[in-house]
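Overview (structure and organization)
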Amino acid sequence: MPPNPNHFPTSASAALLFAAALLPLSAAAQTESAAPTDAAAPAGIVHDAEHYVLAAQHAERWAAEDQFLAEKLAELRAKHGRPPNIIHIMWDDTAFGDVGIPELQKVRGLNTPNINKMAEDGILFTRMYTEVGCTPSRAASATGRHPIRNGMYNIGMLLESHGMRGEEVTIAEVLSEAGYMTAFHGKWHLGDIEQSYPHNQGFHEAFFTGYNQILSLNTRVAEGANASIGLYEDMLPADPYKLDDTFITKGWVQIAEGVKGGETRQWGDNSHENYLKIDPEAQRRTLEFIERQAKAGKPFYVANWPNMVSFIPNPEKCSVARSLLQDGLQCNIDPFIGKVMAKLEELGIADNTLVIAMADNGPMTHNPPPGLGMAETIFRGGKGDFTEGGVRVPAFAWWPGVIEPGQIVGDIIHEVDLFTTFARLAGATDHIPTDRVIDGVDQTALLLNGDTHSRRDYVFIYAGDQLGATVKGNYKRHWLSPDPVGEASGIPAAFYFLPSDPREKTPMLTNLIHLKRPFNRMRLRHQLWTERYPNSSEAHGIPWRGLSDPSPEVQALANPQIDRSKLPFDPLEYIEHLDQLPFEPDMDPDAGQ
């Protein structure tokens, strides 16, 4: 059966009815009393409030376009005998222009011919938005929901005792229900508690890290170089003043593997040598998975999210820039993408496979390790910032024979949209949950019809659990403002016109003050909607439970090596209260600047 073209969360008429309560009221109405709670409840997929405002205005055109798309997808399915395969490759911390644009690469000292060819043969997105950091970005891609909704806005570090809730529904679960084989290989970074493991989140097979590239510094090599200080106490002179032997972390898992319904095992040890094996092994598994499913005639979804680099510099440089980022892109990510495209061509399935390649957020410009090589390019800011440099990333789509080559797309698209779009392409929208907000909108029209066919003109950008900024078309408002006095008085210089100020250096007051109420209205709609569909809290637990082969140090995480009878409290009680302290409530108003 072809995918259902009625991908809106309501019928056209219901969407119009609902949005009528959300749109600015006409002069004849002369009232401000309308609110989302007065409107008809959505049926089917529940999107954020702003989507309904757009749907009400474009429902007829989108419905006609959807009929064409349904016919196109039905033709493709009939031709290939199955829905399209989907590959999502996502790496870390890269500024817009560092890949895909050779002219900027000349300046930055690297060359990625395979990614550049992918851009030439498909779509180069100029407005792909992400979340501000690794964990929230990966949670958004996996669930189609902003991390504020699923409790994954806190970036996980070693023994975070935190992870994605089992109640979240991932794209792997949605596609599995539609008959897809699913695999995850690489940097998961969505938690170290058992319910968060990718093979417990819908993937048929998984090879994953619970954390980020700092794992390369959680090693004896790093301790010896003072790149990590005090983690391996046996390498240090004895401290005669040390009293507490429980303070320093002693056990963790660098990388694990598992299958749906099966065991979870640690893969290798926690050495730097083992860390360097992760990406090659993940890439080998991805290519093998692709070949296995192609030969079995099964549609597949595979996510390969590489570590890309070690924070311990390699003496052997490969790029002109000789930095970690450029070397990782040129000699790790780019060759792998070339191998994926070659494998698809070799197997004869390239014309039935969508490949999305992108960064997960902007460059790590704040407190980077030495020699990282990450820098701002066109946009200001980087990882952790709600300025464009933190969340506007290089991204590409490749699907030979389906996506027209040579496209430079100016539409807004957000990584949450991949969730809903992948489900539409797979004919799996009926498996998307309808009891929660799905921020991702279906962007099939953008992929198949090209520039100007996005279903989104807005982005909400969170800094942790606080709304940092909102984008609407070419306009942007900072809510965490560099003008706190103006914010307090109600006349903030916090509005930006992005085409003329892509670095967000010149906030405007008089020129754009007419946008104050529209942005206020937009934010309030967004917040009121959470009253109907509340955000989930963070999930916590004892890390690395459920391993079939835990080391004594990992076992001790659940059984602290201390005489509990000598304590007037449970030493693990704090885990249930970790959500009380992830962020400072009195945030500096310059955050994100």
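Before reading further, recall that the structure is shown in the block above.
I will try to describe carefully the structure that is included in this document. Not measured: the values here are computed from a predicted model. (Residues numbered from 1 in each chain as written. Predicted model: local features only at pLDDT ≥ 70, side-chain atom pairs only at ≥ 80, totals over all residues. Heavy atoms only, no water.)

**Some words on the packing of aromatic side chains**
Scanning the entire structure with this criterion turns up 20 aromatic pairs. Taking the centre distance of 6.0 Å and the plane angle of 50 degrees together, the rings of Y301 and F422 count as tilted. With a gap of 121 residues between them, Y301 in strand β8 (residues 300-305) and F422 in helix α12 (residues 416-426) connect regions that are remote in the sequence. In this structure, Y301 and F422 share a single accessibility class: buried. Among the aromatic residues, those joined into a ring-pair cluster are F184, W188, F203, Y301, W305 and F422. Just above the ring of Y458 sits the side chain of R456; from NZ or CZ to the centre is 4.9 Å. Its guanidinium or amino end placed over the ring of W479, R523 lies 4.6 Å from that ring's centre, counting from NZ or CZ. (Phe/Tyr/Trp six-rings, centres within 6.5 Å; stacked < 30°, edge-to-face > 60°. Helix = DSSP H or I, 4+ residues; strand = E, 2+ residues; numbered from the N terminus. Buried < 20%, exposed > 50% of the residue type's maximum accessible area, 1.4 Å probe, protein only. Lys NZ or Arg CZ within 6 Å of the ring centre and 35° of its normal.)

**Observations regarding the layout of surface pockets**
For the largest pocket, the calculated volume is near 810 Å³. Taken together, 25 residues make up the lining of the largest pocket; nearest its centre are T246, I248, A556, L557 and P560. Taken together, the residues that form the lining of the largest pocket break down as 16 nonpolar, five polar and four charged. (1 Å grid on protein atoms, 1.4 Å probe; cavity = no way out; pocket = protein on both sides within 12 Å on 5 of 7 lines; lining within 4 Å. Points joined across faces, edges and corners; volume = space filled by probe spheres on them. Nonpolar A, V, L, I, M, F, W, Y, C, P; charged D, E, K, R; others polar.)

**A few points about the sheet that holds strand β15 (residues 475-478)**
Read from one edge of the open sheet, four strands run β13-β14-β15-β16, paired in antiparallel fashion. Each edge of the open sheet carries a strand with a single partner, namely β13 (458-463) and β16 (495-497). On average, each strand axis in the sheet is tilted by 20 degrees relative to the strand beside it, whichever way the strands run. Both β15 and β16 contribute to a ladder of three bridges, which runs antiparallel. Across the sheet, residue K476 finds its bridge partner in β16, namely Y496. (Pairing = 2+ DSSP bridges. Axes fitted to C-alpha atoms, helices over the stretch in contact; angles between N-to-C directions.)

**Focus: helix α4 (residues 113-121)**
For an α-helix the count is 3.6 residues per turn, leaving residues at separations of three or four pointing the same way. Three or more residues of α4 are buried, namely I115, N116, M118 and A119. Viewed end-on, α4 has its buried residues packed into an arc of 155 degrees, placing them on one side of the element. (Arc of directions from axis to C-beta.)

**What to know about the pattern of salt bridges**
Scanning all chains against the criterion turns up 38 salt bridges. With a shortest N-O distance of 2.5 Å, K187 and D92 are connected by a salt bridge. Of this pair, K187 sits in strand β4 (residues 181-187) while D92 sits in the loop between β1 (85-91) and α3 (102-108), and the two are 95 residues apart along the sequence. One salt-bridge network, in which partners are shared between bridges, spans E257, E263, R265, E281, R284 and R285. (Salt bridge = Lys/Arg side-chain N within 4 Å of Asp/Glu carboxyl O.)

**Some details on unusual backbone geometry**
Unlike most non-glycine residues, D93 shows phi in positive territory, near 50 degrees. Its place among the elements puts D93 in the loop between β1 and α3. Among the residues examined, D93 registers a relative accessible area of 5% and is labelled buried.

**Some remarks on the environment of V459**
Tracing the chain through its elements places V459 in strand β13. Placed 10 residues apart in sequence, V459 and A469 show a C-alpha to C-alpha distance of 8.4 Å. Setting aside chain neighbours within four positions, we find V459 in contact with Y129, I412, H414, A469, T470 and V471. (Contact = heavy atoms within 4.5 Å.)

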